[in-house]
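Listed below are the residues making up each chain.
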Amino acid sequence: MLQTRFSIAPMMDWTDRHCRVFHRLMTRRAKLYTEMLTTGAIIHGDRARLLGFDASEHPVALQLGGSNPRDLATSAKIGEDFGYDEINLNVGCPSDRVKDGRFGACLMAEPELVAEGVAAMKRAVNIPVTVKCRIGIDDQDPEVALDTLARSIIAAGSDALVVHARKAWLNGLSPKQNRDIPPLDYDRVYRLKAALPDVPIIINGGITSIAEAKRHLKHVDGVMLGRAAYQEPWRLLSADPELFGEPAPHAAMKDVFEAMMPYIEDQLAHGIRLHSMTRHFVGAFHGVPRARAFRRHLAENGVKPGAGVNVLRDAIALVDDRAPASMAA
Ligand SMILES: Cc1cc2nc3c(=O)[nH]c(=O)nc-3n(C[C@H](O)[C@H](O)[C@H](O)COP(=O)(O)O)c2cc1C
């Protein structure tokens, strides 16, 4: 079953498997997304390292970068065989590396090619296939560009569309600027939903809290949170109560970390460095007294050779509050 109501965005270098396990401990319901993986990496690279994930992460979607329909189909099948719950195609990333490979946001200008890719993936797998896009690129008229892309991919069998509610400007802006400077246009995404009432539409971009997410759900089927989820992960503790009417998995961040310890110990035993995991914890106690001491302790000691869970335990002991789930909304 395709859960669309709430998800955490694919973010390169951020939403790796350790981050996703951490996020899962704050919300049972969110659909989690991998970082974008190119079809080339999946087909030719070290698949176990690139695609491996922890069983606790479900539901988890694999995001692909690419445009060659055959390669997309092959990669989607590999993802399905690894156990992913959904395949998502990136039609929103604006970096130069991505443009050179003819994928990411520049595909907004090639709806037929995207549709071919979606159709090929649909033929190859039984799990849902979705697309994540922008409202347009450069001088495209978003009224036309977004509708055209949406109709093409839906006709090709896409099960849902995630829309980052701003354009990507492919000439002149860095990827980071392209996440902030082109203006947000939520109404454009609401209009898409009104025009395609039967198609699950998920809105993304600039949403800073679960309370705000809830307001969007009056207009669209789902909300995807990116930076707010990563930078202030404690907000996720209110996702299940606020958006699904279910209790949070844990009452406070300290409980989340306690629940994370066995995973961390297991990863350390497999040779993963503590910092690879603790780097995702920087925002965990945002706004709580002594959060800075927590961050500093992790930054200074988490990178030392042989650093173990006691570094994390000592860092947590520096925080005197129990960040309550109630502050998270
Ligand atoms: C560090 C970082 C990496 C990102 N990497 C990806 C990616 O791999 N694939 C993708 O579709 N979007 C990527 N994005 C964009 C996010 O998925 C999301 O669309 C964007 O950040 C807007 O949502 P937000 O305002 O909630 O963060 C990335 C964003 C950030 C901050």
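Use the structure listed above.
Predicted model, so just to flag it, every value in this text is computed and none were measured.

Visitor: Even after reading the chapter, I still don't get the site of the ligand, so can you show me in this structure?
Guide: Contacts to the ligand come from 17 residues, most closely from Gln63, Asn204, Gly206, Gly226 and Arg227. Contacts to the ligand include Asn90, whose side-chain N or O atom sits 3.3 Å from a nitrogen atom. Look at the ligand: alone it shows 600 Å² of surface, and the protein chains cover 94% of it.

Visitor: Would you take a moment to explain the sheet that holds strand E6 (residues 160-164) for this structure?
Guide: Each strand in a sheet pairs with another by means of backbone hydrogen bonds, the pair being arranged parallel or else antiparallel. An order of E1-E2-E3-E4-E5-E6-E7-E8 is seen for the eight strands of this closed barrel, with the pairing classed as parallel. Averaged over all adjacent pairs, the angle separating strand axes in this sheet is 25 degrees, with direction ignored. Relative to strand E8 (residues 222-225), strand E7 (residues 201-204) runs parallel, the two being bridged by three bridges. Residue pairing for E8: Ile203 is matched across the bridge by Val223. On the sheet, helix H1 (residues 17-24) packs against strand E1 (6-8), strand E2 (31-38) and strand E3 (60-65) and is oriented at approximately 170 degrees with respect to E2.

Visitor: Please explain H1 as it appears in this structure.
Guide: Along an α-helix, residues three or four positions apart point the same way, because every turn accommodates 3.6 residues. Most of H1 is tucked away: seven of the eight residues are buried. Considered for burial, the residues of H1 that qualify are His18, Cys19, Arg20, Val21, Phe22, His23 and Arg24. Where H1 is buried, its residues contact E1, E2, E3, helix H10 (227-231), helix H12 (253-269) and helix H13 (274-278).

Visitor: Would you mind showing me how to read the pattern of salt bridges here?
Guide: Pairs can form between side chains of opposite charge whenever their charged atoms are close. A full pass over the atoms with the stated rule returns 18 salt bridges. Put simply, Glu246 and Arg29 hold a salt bridge, and the shortest N to O gap is 2.7 Å. In this pair, Glu246 is assigned in the loop between helix H11 (239-244) and H12 and Arg29 in the loop between H1 and E2, connecting sequence segments 217 residues apart. A single salt-bridge network, built from bridges that share partners, covers Glu143, Asp147, Arg151, Arg188 and Arg191.

Visitor: Mind showing me how you'd approach a positive patch on the surface here?
Guide: On the surface, a cluster of positive charge is contributed by Arg290, Arg292, Arg295 and Arg296. As for its placement among the helices and strands, Arg296 is situated in helix H14 (residues 291-301). Residue classification places Arg296 among the partly exposed positions, given a relative accessible area of 46%.

Analysis parameters
Residues numbered from 1 in each chain as written. Predicted model: local features only at pLDDT ≥ 70, side-chain atom pairs only at ≥ 80, totals over all residues. Heavy atoms only, no water. Near = heavy atom within 4 Å. Polar contact = N/O pair within 3.5 Å; in protein donor to acceptor, adjacent residues only side chain to side chain. Areas by Shrake-Rupley, 256 points an atom, 1.4 Å probe, with all protein chains shown as cover. Pairing = 2+ DSSP bridges. Helix = DSSP H or I, 4+ residues; strand = E, 2+ residues; numbered from the N terminus. Axes fitted to C-alpha atoms, helices over the stretch in contact; angles between N-to-C directions. Contact = heavy atoms within 4.5 Å. Buried < 20%, exposed > 50% of the residue type's maximum accessible area, 1.4 Å probe, protein only. Salt bridge = Lys/Arg side-chain N within 4 Å of Asp/Glu carboxyl O. Patch = residues over 30% accessible without salt bridge, like charges linked within 9 Å, V, L, I, M, F, W, Y side chains within 5 Å. Lys, Arg positive; Asp, Glu negative; His and termini not counted. Charge placed at Lys NZ, Arg CZ, Asp CG, Glu CD.

These figures come from the coordinates and say nothing about function on their own.
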